[in-house]
Amino acid sequence: MTVTATPSRTAALVRPVRTRRRPDVVRSRVAAWVAVGVIGLFGLAPIYWLLVTAFTPDEKAFSFPPSLIPTEITLEHFVNLAKNEKLFGYLVNSVVVSLITAVLSVIVSAYMAYAFSKFRYRGRTSLMHLVLASQMFPQALLLITLYALFSATGLLGAYTALILSFTTFTLPLCVWMLKGIFDTVPSSLMEAAAIDGASRWRTLHQVALPLSAPGLVAAGLFAFVRAWNDFIFALTLADPERQTLPPGLVHTYLGEFQTAWPDLMAASFVVSLPVIAAFMFLQRYLVGGLTAGAVKG
Amino acid sequence: MPPMNRRDVLRLLGLSTLGVTALSACAPDATGGGTARPSGDAAAKTFGFTSWSLNEEAQKAAVQAIVDAYASARKVTINTASFPYNEYLNQVTLKIRGGRLSGAVQLDVAWLAALASLGKLRDLSAHAAQGGYTEVGLSSGQFGGKQLGLPWTTGSIGLIANTEILEKAGVSELPGTIEEFEAALNKVAKLGDGVVPYAAATKAAQLKDILPWMKTFGSPLLDGDQITVGDDASVAAVEWYKKLYDAKLIAPDVDRFDARALFAQGKAAFYDDAIIARGVVAGQSPDKSLTEKMKPLARPVLSAGGTPQALLWGHVIVVVEGEGADAAADFAKFATSDTATVAGFFEKVKLPPTTTAGLGDPKVAGDAFTTEWTEKITKTAAPNPFWRYAGYAQIETAIAEQVQAVLVGQASAKDALAKAAETAKGLQK
């Protein structure tokens, strides 16, 4: 007679034996969850408060003591935002300036980083350090200098002034980020391409750049966000009709005596959506790009 | 990144120094050289008008109406520009120094000295003599013996009371002396229900509000060029403030924004603000009749018969030399002294005019709150004596930080103010 085990019996047989967890393991897990909870709360609380304020009617937004859970909700501030054509103009300016800054930063920094990574020449280290040092200049000094420079060249007020100024402070980090990535591309691949008859130009464009795509995306995203968030350069160097969202929001909602907090919060939430979307869409490239070159194989 | 040895570090430092030097060489100098200078025909019919009010919801339509009225009546072209209030002085300074801004410019009275130091403001004494301005108004536009600004609105930072709370607490009359003020605060404190008797500034950002109290106790703040903060009177003022703080008659962590919110919610009996507060607070309050309960009062004095102290507040219009400066000066006079214009402006934005005729216009004189404010507070208001220094904001901050240290019990008033005075002396430029 053969005995055949039913599926339930088999499952019962293979069920892992439960062991009692040691108290110190439990404690450390609880501590980890508490830590994650506290950090999460710390990070999400401002976003929660922004949203609550954006949906709260003006007279309730200033209630004292403030209420964590809104008792009344309104869409009026989002409607105000939709009706504000000037803000749409600032949004267009932000998109144009940030996109061009990102593309320009990636193009220029890719060539610079490749030259630093794959060529050996006199003064290379000094040049690399000079690029790094330029990151250390105080913004106020750069602003005054760029103002004078653009004023003298007639570029003040134009998109060009904004794009060039943003690129000056995105380039150093982009270059160093991409240099690290090019360092991880094996030189043997370049040599193989050269043996196959590829020129240096072709090797760069058909071998090195495709392999560094995540890094290029990460650098581009960094430059985009940096340009998107800048306030003081955009306020100072651009004409009112070419200013970007940060000065635009300040112009629109902050006054000598009053700040339209609920309207400002609604606008801040809406204008941060493109950046959030970009991060979500490009997340997989971003993680790879930022960590590439961190460990040399 | 390759590891850096000592030679690399030195090279990096050298390159940084070289870079900074090169950048500094390109930057405009302190006198405004290095870039284009204001030029053009001063008598031209095109000029600029720069104003933060042109971009603020509550005022922009009213200001634009003045610009349009003048432009069409005098057949001139006015190019308007605006910067946010908090960035305004930096932007205007940079643009004047860069030679890219001329014409009429709206200024906060506190900024006049900082802009005057650029040496590009026109003396408007001749226009001021014809405008019929009040003495206190004229004083707000004077610097270095010249009339550099025509007063557009003149008010003051003063005390406002919520008469409903005072009635509930059994305070029938507004206090006139420090003693009466303290008694009123103690009565309000007994109401409980989270009511702050006096929503005074206790955050460093707004603790410059202590300065009029120091003057109330007898400190001149500045005697010639000698800073008197730290004298017996200013120490007594801060010790009194600390006493209110310890007795919970004033609350911790309050700035102007918090004070307005408290007052708007009916949770403060007194607070300090400018005359424009009426509209701001009303907009934040669920109590639609709050403005009727608001009453301006002169700052209580040390003993009966004393002069109430208040900080002058207001806006002036200055003229920066350059294209259209003559027309800009005429515009400044029109905007600030044409009676129909200033009365119409008051009707829309509730900012008090600066001319005797303007204040006497029925539209203005019929407004009891404004009339009371002008009579009780603005009449004896004086500019902050530190405004004459370009670094006045840092001086105020130095004092505010030390007063805050006293409030939280980190220092005695005497030591803290001596330290504040020492810091402030280094900023007298």
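Residues numbered from 1 in each chain as written. Chains lettered and ligands numbered in written order. Predicted model: local features only at pLDDT ≥ 70, side-chain atom pairs only at ≥ 80, totals over all residues. Heavy atoms only, no water.

- In the annotation of an unreviewed UniProt entry, the entry for chain B reads Carbohydrate ABC transporter substrate-binding protein (CUT1 family), and the organism field reads Nonomuraea polychroma.
- Per UniProt, the comment on chain B under Sequence similarities (unreviewed entry) is "Belongs to the bacterial solute-binding protein 1 family." (UniProt positions renumbered as here; feature names shortened; annotations may be inferred.)

- Going by an unreviewed UniProt entry, chain A carries the name Carbohydrate ABC transporter membrane protein 2 (CUT1 family) and comes from Nonomuraea polychroma.
- In its Subcellular location (unreviewed entry) section, the UniProt entry covering chain A states "Cell membrane".
- Of chain A, the UniProt comment under Sequence similarities (unreviewed entry) reads exactly: "Belongs to the binding-protein-dependent transport system permease family."

1. Overview of the pattern of salt bridges
So, point 1. Taken as a whole and assessed by the stated rule, the structure comprises 24 salt bridges over all chains.
So, point 2. Two residues, Lys 179 of chain A and Asp 183 of chain A, come together in a salt bridge whose shortest N-O distance is 2.8 Å. Residue Lys 179 of chain A and its partner Asp 183 of chain A are both found in helix 8 (residues 159-184); the two are separated by four residues, about one turn of the helix.
So, point 3. With a relative accessible area of 7%, Lys 179 of chain A lands in the buried category.
So, point 4. A relative accessible area of 23% places Asp 183 of chain A in the partly exposed class.
So, point 5. For the salt bridge of Lys 243 of chain B with Glu 182 of chain B, the shortest nitrogen-to-oxygen distance reads 3.1 Å. Of this pair, Lys 243 of chain B sits in helix 10 (residues 232-246) while Glu 182 of chain B sits in helix 8 (residues 178-189), and the two are 61 residues apart along the sequence.
So, point 6. Using a relative accessible area of 44% as the deciding quantity, one classes Lys 243 of chain B as partly exposed.
So, point 7. Classification of Glu 182 of chain B by relative accessible area gives buried; the value is 17%.
So, point 8. Connected through shared salt-bridge partners, Arg 122, Glu 321 and Asp 326 of chain B make up one network. (Salt bridge = Lys/Arg side-chain N within 4 Å of Asp/Glu carboxyl O. Helix = DSSP H or I, 4+ residues; strand = E, 2+ residues; numbered from the N terminus. Buried < 20%, exposed > 50% of the residue type's maximum accessible area, 1.4 Å probe, protein only.)

2. A few points about the UniProt feature "transmembrane region" (unreviewed entry) in chain A
So, point 1. Within this structure's numbering, the places UniProt gives as "transmembrane region" (unreviewed entry) are residues 30-51, 87-114, 126-150, 156-178, 207-228 and 264-282 of chain A.
So, point 2. In residues 207-228 of chain A, helix accounts for 95% and strand for 0%; the two terminal C-alpha atoms are 31 Å from one another.

3. Section: the UniProt feature "domain: ABC transmembrane type-1" (unreviewed entry) in chain A
So, point 1. Under the UniProt annotation, the feature "domain: ABC transmembrane type-1" (unreviewed entry) is placed at residues 91-282 of chain A.
So, point 2. Along residues 91-282 of chain A one finds 81% helix and 0% strand; the C-alpha atoms at either end are 21 Å apart.

4. Thoughts on the interface of chain A and chain B
So, point 1. The interface is formed by 35 residues belonging to chain A together with 45 residues belonging to chain B.
So, point 2. Summing both sides of the interface, chain A and chain B together bury roughly 3800 Å²; the carbon and sulfur share of this comes to 67%.
So, point 3. Here chain A is connected to chain B by zero salt bridges.
So, point 4. Where chain A packs against chain B, one counts seven residue pairs in polar contact (both at pLDDT 80 or more).
So, point 5. Of all the secondary structure elements, the ones that give two or more residues to the side of chain A that touches chain B are helix 6 (124-134), helix 7 (139-153), helix 12 (232-237) and helix 13 (245-253) of chain A. (Contact = heavy atoms within 4.5 Å. Buried area = accessible area lost by both parts, 1.4 Å probe. Polar contact = N/O pair within 3.5 Å; in protein donor to acceptor, adjacent residues only side chain to side chain.)

5. Some remarks on the packing of helix 5 (residues 85-118) of chain A against helix 8 of chain A
Residue and element names in this part refer to chain A.
So, point 1. The contact between helix 5 and helix 8 brings their axes to 6 Å, and the two run at 40°. Here helix 8 runs oblique to helix 5, going by the angle between their axes. Handedness of the crossing formed by helix 5 with helix 8: right-handed. (Axes fitted to C-alpha atoms, helices over the stretch in contact; angles between N-to-C directions. Parallel < 35°, antiparallel > 145°, perpendicular 65-115°, else oblique. Left-handed = near helix turned anticlockwise from the far one by under 90°.)

6. So, helix 19 (residues 392-407) of chain B
All names here are of chain B.
So, point 1. For helix 19, built from 16 residues, the straight-helix expectation of 22 Å at 1.5 Å per residue is met to within 8% by its first-to-last C-alpha distance of 23 Å.
So, point 2. The set of residues buried in helix 19 consists of Tyr 392, Ile 395, Glu 396, Ala 398, Ile 399, Ala 400, Gln 402, Val 403, Ala 405, Val 406 and Leu 407.
So, point 3. Against helix 9 (210-216), helix 10 and helix 20 (413-425) lie the buried residues of helix 19. (Expected span 1.5 Å × (residues − 1).)

7. Topic: the environment of Leu 146 of chain A
So, point 1. Mapping Leu 146 of chain A onto the fold places it in helix 7.
So, point 2. When residues no more than four places from it in sequence are discounted, the contact partners of Leu 146 of chain A are Ser 165, Thr 168, Phe 233 and Leu 237 of chain A.

8. Considerations on a nonpolar patch on the surface
Residue and element names in this part refer to chain A.
So, point 1. A contiguous nonpolar patch, built from Val 26, Val 30, Val 34 and Val 38 and spanning about 320 Å² of accessible area, is present on the exposed surface.
So, point 2. Within the secondary structure, Val 30 is located in helix 2 (residues 23-54).
So, point 3. Overall, the relative accessible area of 47% leaves Val 30 in the partly exposed class. (Patch = residues over 30% accessible without salt bridge, like charges linked within 9 Å, V, L, I, M, F, W, Y side chains within 5 Å. Areas by Shrake-Rupley, 256 points an atom, 1.4 Å probe, with all protein chains shown as cover.)

9. Concerning the pairing of strand 12 (residues 311-320) of chain B
All names here are of chain B.
So, point 1. Burial analysis of strand 12 places ten of its ten residues in the buried class, which makes it a mostly covered element.
So, point 2. Alternating positions in strand 12 separate into two faces, Leu 311, Trp 313, His 315, Ile 317 and Val 319 on one and Leu 312, Gly 314, Val 316, Val 318 and Val 320 on the other, with burial throughout.
So, point 3. Pairing analysis gives eight bridges linking strand 6 (residues 149-162) to strand 12, with the strands arranged antiparallel. The residue of strand 12 that forms the bridge with Leu 150 is Ile 317. (Pairing = 2+ DSSP bridges.)

10. Let's talk about the pairing of strand 6 of chain B
Residue and element names in this part refer to chain B.
So, point 1. By the criterion of burial, strand 6 is predominantly enclosed, with 14 of the 14 residues buried.
So, point 2. Pairing between strand 6 and strand 10 (residues 268-274): five bridges, direction antiparallel. In the strand pairing of strand 10, Leu 159 is matched with Asp 272.
So, point 3. One ladder, built from four bridges, connects strand 6 with strand 11 (residues 294-297); its direction is antiparallel. From the neighbouring strand, Asn 162 faces strand 11, where its bridge partner is Met 294.

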